[in-house]
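Close look at the chain arrangement
If you want the building blocks of each chain, they are given just below.
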Amino acid sequence: MYKLTEIIYGGVQMNTVQLQKFISDNSQVEAIFMQKALAYLNSKNKKRQPAKRWNEEQITRQAEKMYAQVVENLYGKLHTQVKANRFTPAEKWLKFINENEVLDGMEESMIELDFS
């Protein structure tokens, strides 16, 4: 069972920022995704015209945007599955995540992820 992070207090509702923090604190999902996304974006960047290539900061920002979209998509799916509303406490979300091994499934998905 995963622990509540310092940003999730009893009775507080879950949002995408808290979900992203929880995933980061309790799994390798973000690290795996970022490694693969950065490799993909760097490869794609090398194919650009030299004058149109992104610098490392732009590549990192783009990878972070891609990851934020993954978290938003997950949040939307969990929101439906948890049957959440704005009053649903974070504990209900975490119970669902734990019981359904969501983080384990996400890690497996990230390991299998191929951007090419």
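Quick caveat: nothing in here was measured; it's all calculated off a predicted structure.

Description of helix α4 (residues 90–99)
Here α4 has its buried residues at Ala 90, Trp 93, Leu 94, Phe 96, Ile 97 and Asn 98. Contacts from the buried residues of α4 go to α1 (16–26), α3 (56–82) and α5 (102–112). Just past α4, the residue Glu 101 takes up positive phi, approximately 50 degrees.

A short note on the pattern of salt bridges
In total, this model carries three salt bridges according to the counting rule given. One salt bridge connects Glu 57 with Arg 61, and the closest N-O pair in it is separated by 2.9 Å. With a gap of four residues between them, Glu 57 and Arg 61 both fall in helix α3, about one helical turn apart. In this structure Arg 61 comes out as partly exposed when scored by relative accessible area, which is 40%. For Lys 95, the salt bridge goes to Glu 99, with nearest N and O atoms at 3.9 Å. Of the two residues, Lys 95 and Glu 99 both sit in helix α4, four residues apart, roughly one turn of that helix. Overall, Lys 95 belongs to the partly exposed group, its relative accessible area being 49%. Judged by its relative accessible area of 55%, Glu 99 falls in the exposed class.

About the thresholds
Residues numbered from 1 in each chain as written. Predicted model: local features only at pLDDT ≥ 70, side-chain atom pairs only at ≥ 80, totals over all residues. Heavy atoms only, no water. Buried < 20%, exposed > 50% of the residue type's maximum accessible area, 1.4 Å probe, protein only. Helix = DSSP H or I, 4+ residues; strand = E, 2+ residues; numbered from the N terminus. Contact = heavy atoms within 4.5 Å. Salt bridge = Lys/Arg side-chain N within 4 Å of Asp/Glu carboxyl O.

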